[in-house]
Amino acid sequence: MLLRPGYILSILMVTLTGCTAVANSNPVTSQLIPSPEGQQNPKSSKHRLMSQLKLNQVQRKQLKAIKLQYEESIIDLRQELSQAKQTLSDLMVGTADRETIRTQYQQVQLLNQQLGKLHFESMLQMREVMTPEQRIQFAQFMKQRRNQNPLSD
């Protein structure tokens, strides 16, 4: 049975949308790190989170250091992932053979996985900075955020 090109493209777009949701979701790191003083919007979720967690200055500095440690790698990997997705999209529209497209798709999946690992490792380090009570509050905050914006998962 032959599939129409539009149908194939639709399947690919649904698949890539799932990949994009993972790669573009806001990292936990950005949720915990405050903006420089004077730049915080009092209504921002980041500001509310910082208030709820009652982080002390040492914790804030440690979290900022963790963010800086991972920030460049995450930015670079996101850019590489974006380029890989664009290449995959171009291959799907073009005349590339199945194996070339499959290989590019695997590259996109690998980059997505690497990005997820970076986010996870940063979360593990941030977890060590927080008290058990702060961890519970943070988990509740993230659950509320996911419930308010289920497409960001």
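Conventions we followed
- Residues numbered from 1 in each chain as written.
- Predicted model: local features only at pLDDT ≥ 70, side-chain atom pairs only at ≥ 80, totals over all residues.
- Heavy atoms only, no water.
- Helix = DSSP H or I, 4+ residues; strand = E, 2+ residues; numbered from the N terminus.
- Buried < 20%, exposed > 50% of the residue type's maximum accessible area, 1.4 Å probe, protein only.
- Contact = heavy atoms within 4.5 Å.
- Areas by Shrake-Rupley, 256 points an atom, 1.4 Å probe, with all protein chains shown as cover.
- Core = buried A, V, L, I, M, F, W, Y, C linked by side-chain atoms within 4.5 Å.
- Axes fitted to C-alpha atoms, helices over the stretch in contact; angles between N-to-C directions.
- Parallel < 35°, antiparallel > 145°, perpendicular 65-115°, else oblique.
- Nonpolar A, V, L, I, M, F, W, Y, C, P; charged D, E, K, R; others polar.
- Expected span 1.5 Å × (residues − 1).
- Arc of directions from axis to C-beta.
- pLDDT = per-residue confidence, 0-100.
- Salt bridge = Lys/Arg side-chain N within 4 Å of Asp/Glu carboxyl O.

Engineer: Pulling in residues and values, what's your account of the overall build of the protein?
Structural biologist: Counting its regular elements, the protein contains six helices and zero strands. Reading the protein from its N end, one meets helices and strands in the order α-α-α-α-α-α. By residue count, 27% of the 153 residues in the protein fall in the buried class. If you take every contact in the protein between residues at least 6 apart in sequence, the share linking residues at least 24 apart comes to 74%. With an accessible surface of roughly 10300 Å², the protein has 55% of that area assigned to carbon and sulfur atoms.

Engineer: Quick one: what's the story with the nonpolar core, residue by residue and with numbers?
Structural biologist: Core analysis: the biggest nonpolar cluster contains 23 residues, and Leu53, Leu55, Leu63, Ile66 and Phe138 have the highest contact counts within it. Looking at this core, the elements that each hand over two or more residues are α3 (45–53), α4 (57–93), α5 (98–129) and α6 (132–148). For this core, the element with the highest residue contribution is α4, accounting for nine residues.

Engineer: Quick rundown of the side chain of Gln104? Include the residues and the values.
Structural biologist: With respect to the helices and strands, Gln104 occurs in helix α5. Judged by relative accessible area, which is 15%, Gln104 ranks as buried. Among all residues touching Gln104, those that are not within four sequence positions of it are Ala84, Thr87, Leu88 and Leu91.

Engineer: Let's hear about the packing of α4 against α5: which residues, and what values?
Structural biologist: Where α4 meets α5, the closest approach of the two axes is 9 Å, and the angle between their N-to-C directions is 170°. The angle between α4 and α5 places the two elements in the roughly antiparallel class. Residue composition of the contact of α4 with α5, by class: 18 nonpolar, 13 polar and four charged.

Engineer: Requested: an account of unusual backbone geometry, with residues and values cited.
Structural biologist: The phi torsion at Lys54 lies on the positive side, around 50°, for a residue other than glycine. Its place among the elements puts Lys54 in the loop between α3 and α4. Residue class for Lys54 comes out exposed when judged on its relative accessible area of 66%.

Engineer: Could you give an account of α6, naming the residues involved and the relevant values?
Structural biologist: An ideal rise of 1.5 Å per residue puts 24 Å on 17 residues; α6 measures up with 25 Å between its terminal C-alpha atoms. Taken together, the buried positions of α6 are Gln134, Phe138, Phe141, Met142 and Arg145. Along α6, the residues classed as buried sweep out an arc of 95° about the axis, all on the same side. Exposed residues lying more than 90 degrees from the buried face of α6 are Pro132, Glu133, Ile136, Lys143 and Asn147.

Engineer: Help me get a handle on the environment of Thr103, residues and values and all.
Structural biologist: When you line up the elements, Thr103 lands in helix α5. Assessed through its relative accessible area of 44%, Thr103 is described here as partly exposed. For the pair Thr103 and Leu88, spaced 15 residues apart in sequence, the C-alpha separation works out to 9.2 Å.

Engineer: So what's going on with the confidence of the model for the protein? Residues and values would help.
Structural biologist: For the protein, the average pLDDT comes to 78, and 69% of its residues sit at 70 or higher. Mean pLDDT across the secondary structure elements of the protein bottoms out at helix α1 (residues 5–24), with 41, and peaks at α5, with 96.

Engineer: Which residues make up the pattern of salt bridges, and what are the values?
Structural biologist: On inspection of all chains with the given rule, the structure shows three salt bridges. For Glu71, the salt bridge is made with Lys67, and the minimal N-O distance between the two is 3.8 Å. Here Glu71 pairs with Lys67, and both are found in helix α4, just four residues apart, close to one helical turn. One salt bridge connects Glu99 with Arg102, and the closest N-O pair in it is separated by 3.5 Å. Here Glu99 pairs with Arg102, and both are found in helix α5, just three residues apart, close to one helical turn.

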